[in-house]
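Read off the chains here:
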Amino acid sequence: MDLLNSSSLNGTLTTTAIQLCINDFYTFDVILLSVLSITIITSVVANGLIIVVFYKCKDLRSPVFYFVLNMSISDIFLPLLRLVYIILFRSSMFHTELSASTALALCKFSPYFEGVSIAVSMQSLVAITLHRFFAVVFPLNLRVESSKLCVIVITFVWIVALLSQIPEIVARDLSNVFGICTYTLTPEPLQQYLLLRMVAFCTIPFVIMVVLYGFIIFKLRKPNLPGDVSFEQKEKRRRRNKRMTKILLTIIVSFFICWSTFDILRWAFLFYPSCSLLLAVFYAEPLPIMYSAANGLIWFIFSKTYRKALIRVCSGFNKLSNYKCNTINRNK
């Protein structure tokens, strides 16, 4: 139990601690690494296709798709970073073969860039929500369609993400006790630090998105939208906004389910270490990684425009791909 307490206080699942609760740890670890490997392949393919479609189909470069592309670029690295971290620092048997400086660098920068990826995804979701809010609620007052503005926002998102995750570099080190990568903070500051991270990067953005999408859904339920356009155009715009809102809500819900489940279980284990919670955290570890593949899969499932563009790009019409994509109705 002392080892479980130590694992909960430093925020790391050690092999020795897990073995106290799992008899056949080797089988569990094989299952985990197998799931992560499949997720990595799915994530690279799904997000890579979004990047290719964005490059080939210039007519799809709407503000929303700029932010989706930004999420795909950050999500494509998350499972790789997580897999490296688990393999190297689940126990001391792997990274001890590395030099001390290399092991320390991986200990500090793997979680750092993982946190950057998560922060970029969450902030991109907030940016998409803000864009949809102004496009639906104030369609005539403010239309954010400039690609230059999108680039500025995306640059700001990356700067904030890179700067906000610097404490991860400072707070982590190789433990002399377990020989693994752990937080160096004492229990109370560590709890405060993790709570601050959860509130700043999960709770507040999620509340903002819920409130704004509440306004969006309320607006879409109205029979008429403002503007000097025909009834047919209004209905067409309203159906398009509904489809886009459905896609984005699905992405947000998947993000919330994957990350909140893991964070809640990890927090419970942090305060009340037990074998049952340890096993729950262990089983939930693949969930955040699965989200990295969800972005591309959701667009493929729900967006007819994206599927048509993807089919044309993958058909091999290299010279005609831009023209073919331009024939797609973006409103679908």
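For the structure itself, consult the block above.
Observations concerning the packing of helix H5 (residues 78–89) against helix H12 (residues 286–302)
Here H5 crosses H12 at 155°, and the two axes come no closer than 9 Å. Taken as axis vectors, H5 and H12 run roughly antiparallel relative to one another. Seen from above, H5 lies across H12 with left-handed handedness. Where H5 abuts H12, its residues Leu 78, Pro 79 and Arg 82 lie against Pro 288, Ile 289 and Ser 292. The class makeup of the residues in the contact of H5 with H12 is four nonpolar, one polar and one charged.

As for a nonpolar patch on the surface
There is a patch of nonpolar side chains on the surface, built from Ile 159, Leu 163, Ile 166 and Val 170 and spanning about 380 Å² of accessible area. Along the chain, the position of Val 170 falls in helix H8 (residues 166–171).

Brief notes about the packing of H5 against helix H6 (residues 100–137)
One way to put it is that H5 packs onto H6 with a least axis distance of 9 Å and a crossing angle of 150°. Between H5 and H6, the angle falls in the class roughly antiparallel. When the axes of H5 and H6 are compared, the crossing they make is left-handed. In this structure, H5 contributes Leu 78, Leu 81, Arg 82, Val 84, Tyr 85, Leu 88 and Phe 89 to the contact, and H6 contributes Ala 103, Leu 106, Cys 107, Ser 110, Pro 111, Phe 113, Glu 114, Ser 117 and Ile 118. Across the contact of H5 with H6, the residue classes tally to 12 nonpolar, two polar and two charged.

Some details on the layout of surface pockets
Considered as a void within the structure, the second largest pocket measures approximately 380 Å³ in volume. Along the wall of the second largest pocket there are 20 residues; nearest its centre are Gln 123, Val 126, Ala 127, Leu 130 and Val 153. It is H6 that contributes the most residues to the lining of the second largest pocket, eight residues altogether. Split into classes, the residues belonging to the lining of the second largest pocket amount to 18 nonpolar, two polar and no charged.

Structural notes on a positive patch on the surface
A cluster of basic side chains, namely Lys 236, Arg 239, Arg 243 and Lys 304, defines a positive patch on the protein surface. No other element matches the three residues that helix H10 (residues 231–271) contributes to the positive patch. One can find Arg 239 in helix H10.

With respect to the nonpolar core
Soluble globular proteins tend to bury their nonpolar side chains together. If you look at the biggest cluster of nonpolar residues, it comprises 58 residues, and the most contacted ones within it are Leu 125, Ile 128, Leu 248, Ile 251, Tyr 291 and Trp 299. Here this core takes 10 residues from H10, the largest share from any one element. Excluding residues within four positions of it along the chain, Ile 128 makes contact with Val 64, Phe 67, Val 68, Met 71, Tyr 213 and Leu 248. In terms of nonpolar packing, the next biggest core, distinct from the first, is built from eight residues, Tyr 112, Val 116, Val 120 and Ala 161 among them.

Criteria and cut-off values
Residues numbered from 1 in each chain as written. Predicted model: local features only at pLDDT ≥ 70, side-chain atom pairs only at ≥ 80, totals over all residues. Heavy atoms only, no water. Axes fitted to C-alpha atoms, helices over the stretch in contact; angles between N-to-C directions. Helix = DSSP H or I, 4+ residues; strand = E, 2+ residues; numbered from the N terminus. Parallel < 35°, antiparallel > 145°, perpendicular 65-115°, else oblique. Left-handed = near helix turned anticlockwise from the far one by under 90°. Contact = heavy atoms within 4.5 Å. Nonpolar A, V, L, I, M, F, W, Y, C, P; charged D, E, K, R; others polar. Patch = residues over 30% accessible without salt bridge, like charges linked within 9 Å, V, L, I, M, F, W, Y side chains within 5 Å. Areas by Shrake-Rupley, 256 points an atom, 1.4 Å probe, with all protein chains shown as cover. Salt bridge = Lys/Arg side-chain N within 4 Å of Asp/Glu carboxyl O. 1 Å grid on protein atoms, 1.4 Å probe; cavity = no way out; pocket = protein on both sides within 12 Å on 5 of 7 lines; lining within 4 Å. Points joined across faces, edges and corners; volume = space filled by probe spheres on them. Lys, Arg positive; Asp, Glu negative; His and termini not counted. Charge placed at Lys NZ, Arg CZ, Asp CG, Glu CD. Core = buried A, V, L, I, M, F, W, Y, C linked by side-chain atoms within 4.5 Å. Buried < 20%, exposed > 50% of the residue type's maximum accessible area, 1.4 Å probe, protein only.

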